[in-house]
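# Tertiary structure, described
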Amino acid sequence: MLESYIKQRRKEKDILLMTHIVMGYPSFEDSYEIVRQMVAAGVDLMELQIPFSEPMADGPVILKANQKALENGSTVQKCLDFAQKVTTDFAIPFLFMSYANILYKYGMENFSDQMAKMNIKGAIVPDLPPEEGADYLKAMNRNHLCPIYIFSPQTSDQRLSYLSSFAKGFVYCVARKGVTGKQTAFSADLSAYLVRCKKATSLPLAVGFGVREKADVDYLKGKADIAVIGSQTIRIVDEKGAGAAGDFIRSIL
Amino acid sequence: MKNRGYYGDYGGAFLPEILVATFDELETAFEKIKNDPDFWKEYETLMSTYSCRATPLTFAQNLTREFGGAKIYIKREDLNHTGAHKANNVMGQGLLVKRMGKKRVIAETGAGQHGVATATMAAKFGFDCTIYMGEVDVLRQRPNVFWMEQLGATVVPVTDGTRILKDAINEAFRDWVTHMDTTHYVLGTACGPHPFPEMVSYFQSIIGKEARQQILAAEGKLPKRVYACVGGGSNAMGLFSGFFNDPVELVGVEAGGKGLDSGMHASRLKSKDASCGIAQGYKTYFLQDSDGQMKETSSISAGLDYVGVSPILSAMHDKGTARFESATDEEVIAALKLTMKKEGIIPALESAHAFAQAFKEAPTLSRQDVIIINQSGRGDKDIFTVADAVDDPKWKEFIIKKAKEYHA
């Protein structure tokens, strides 16, 4: 189970690291190399994004990666094949991240059956709130998969509790307003917000949006269970190639 | 999340968590004005003193004679301030923004009409204003970009994706998730997450309310059919809503582009190329591939060049309470030329789709029948596109000369 894996792992580490890739960006070969390097460098879990043409919640870096992956021929089927390969080859838990339409077109049931079959542990679907997610939740629960829900600083206490009633595995707390990949001020406000999050759920907390360097990860120690690095990995790979992924991870741990 | 606004299987509010509170606030504010009898009065007063409401219903005598069938009336939304029905929605949302106490507005625009209307409203009400516009549309609707900037708005060309309307909407959402405390997103059409489809249709319903009264006054009876072009669907919703309880056939006309068989069009409801999907926060018919990736659309008119369509119209399509057709770029130019020559009226390329379909059907109706075409906007914004389409040598000569002046 994802939740117990995280809790177990936390006994050995102050904070866990979750990273994100867009499958097929810049190519599937590079995607595989990035995963390989990251796992070797000690990443604890990974988000595999199935690219979508309208990634509303993503900022410029991940948006461009989505577009480029699609231009380069990434399809849902190729992403599923890729996911099958990495879950077979590497021992850490993997999650899917995508937008509602990808799952909807594939069929919620079929999609979650595929996930279960290839040992993907859960999914993050930012434009599928529980109110719209009855079919999704049913399919995920039937397969004992984790629907990962998102908390935001704008979310009321009442709604935090509501969301946590559907959440499994862990909760993804976005550190600030806005889209992925922009600067975040790691400040007292963030601490207070994370205290609110912790009150609302007994699940582990992951914090993402704007986590870029060692100082950010260190700041989150004691306040959260998982630091999420998203856009920054893509920036590093853009600049230095897939081979730089491992060194980058070692530099922030 | 309070209410999700479904129309049959379509609509909903597929929101990122960060926007849920903002949408709850918007819905509360909208419910309040809907239940406030003074609000509609305030709105009508604003529209009659700042814009030209009620807009006329013009009897098109020469076109009627030309086709020898139904009597053709034209609802003149082009005579609104800023030249299109877009003002109806924008001024309504402007009043709402004032009540919510926000100081900045953002909007997407395709043809530029919604952007110009929003920039105008922002100038009048003293809001900061940013308009997102696809790079392709910036090029084909340059005059509107010029006016938006003169009106004090910042126009941001969107270089991602297909660089047209849908991409501008994505970018506006990205701005909004960052600045929702101070900013309202003035969505320009009856699409997007609840309550936008309902709210935009509510403000646009002024078109249908007026048209119904006007046709009864002029003809003493209801029209047989009413025609409106359909991009997102706001002008169609506006006109149609006046006749929901009447035995009137509602005809929506989509952009047929180079023809429905060519794949180069923006027809979601008439063509077989669209399927139900979820994007931009709502569920509707989208032009998408089997993976759910949105396809490129094509139309001579920037305002109809959109992958999705109002969920309310999708529901009407399935129920058969409205009929959807399409007109090709070529048919649209022909209809535009005829309308200019016969009536001295210049419809926008978007609106000319409704004219084209009405012209196909008018001769098949009897002389006792009456039809209404919604002229959603005026065509002078399209001067560059139309000049190219009619291949006018004098215009080219003028442009070349003008360019030389700038080089000098």
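Let us now look at the overall build of chain B. When helices and strands are counted, chain B shows 15 helices and 14 strands. A globule of 408 residues ought to have a C-alpha radius of gyration of about 22 Å, and chain B, at 20 Å, matches this closely. Overall size of chain B, expressed as C-alpha extent along the three principal axes, is 60 × 55 × 50 Å. For chain B, buried positions account for 64% of its 408 residues. In chain B, the proportion of contacts linking residues at least 24 apart, taken out of those at least 6 apart, comes to 73%. Element-wise, carbon and sulfur atoms account for 52% of the exposed surface of chain B, whose accessible area totals about 14800 Å². Counting 47 positive and 51 negative side-chain charges, chain B places the centres of these two groups 5 Å from one another.

When you line up the elements, Asn101 of chain A lands in helix H5 (residues 100-106). Residue Asn101 of chain A is classed as buried on the basis of its relative accessible area, which comes to 0%. Distance in space between the C-alpha atoms of Asn101 of chain A and Asp127 of chain A is 9.0 Å, their sequence separation being 26 residues. Among all residues touching Asn101 of chain A, those that are not within four sequence positions of it are Phe52 of chain A together with Gly277, Ile278, Gln288, Gly292 and Met294 of chain B. Within the structure, Asn101 of chain A has its side chain in polar contact with the backbone oxygen of Gly292 of chain B (distance 2.8 Å).

Residue-level contacts link 36 residues of chain A with 39 residues of chain B. Note on chain A versus chain B: buried area summed over both sides is about 3100 Å², and carbon and sulfur give 52% of it. Counting the surface chain A buries against chain B, the share from its top three residues, Glu54, Met56 and Glu132 of chain A, is 23%. Inspection of the region where chain A meets chain B yields 5 salt bridges. Among the ionic pairs, Arg4 of chain B bridges to Glu132 of chain A, the shortest N-O distance being 2.8 Å. Counting across the interface, chain A meets chain B through 19 residue pairs in polar contact (both at pLDDT 80 or more). Of all the secondary-structure elements, those providing two or more residues to the side of chain A that touches chain B are helix H3 (60-71), H5 and helix H8 (157-164) of chain A. Ranked by residue count, the leading element in the side of chain A that touches chain B is H5 of chain A, at 5 residues.

Attention now moves to the pairing of strand E5 (residues 104-109) of chain B. Residue and element names in this part refer to chain B. Along E5, 6 of the 6 residues are buried, which leaves the element largely enclosed by surrounding structure. Every second residue of E5 is oriented toward a common face, with Arg104, Ile106 and Glu108 on one face and Val105, Ala107 and Thr109 on the other, all of them buried. As judged from the 6 bridges shared by E5 and strand E6 (residues 128-134), these two strands associate in the parallel manner. Bridge pairing in E6 links Val105 to Cys129. Viewed along the sheet, the connection from E5 through helix H5 (residues 113-125) into E6 turns out right-handed. The sheet contact formed by E5 and strand E8 (residues 183-185) spans 3 bridges and is parallel. Among the inter-strand pairings, Val105 is bridged to a residue of E8, identified as His184.

Conventions and cut-offs
Residues numbered from 1 in each chain as written. Chains lettered and ligands numbered in written order. Predicted model: local features only at pLDDT ≥ 70, side-chain atom pairs only at ≥ 80, totals over all residues. Heavy atoms only, no water. Helix = DSSP H or I, 4+ residues; strand = E, 2+ residues; numbered from the N terminus. Rg over C-alpha atoms; globule rule 2.2 N^0.38 Å. Buried < 20%, exposed > 50% of the residue type's maximum accessible area, 1.4 Å probe, protein only. Contact = heavy atoms within 4.5 Å. Areas by Shrake-Rupley, 256 points an atom, 1.4 Å probe, with all protein chains shown as cover. Lys, Arg positive; Asp, Glu negative; His and termini not counted. Charge placed at Lys NZ, Arg CZ, Asp CG, Glu CD. Polar contact = N/O pair within 3.5 Å; in protein donor to acceptor, adjacent residues only side chain to side chain. Buried area = accessible area lost by both parts, 1.4 Å probe. Salt bridge = Lys/Arg side-chain N within 4 Å of Asp/Glu carboxyl O. Pairing = 2+ DSSP bridges. Right-handed = clockwise from strand over helix to strand, strands pointing away.

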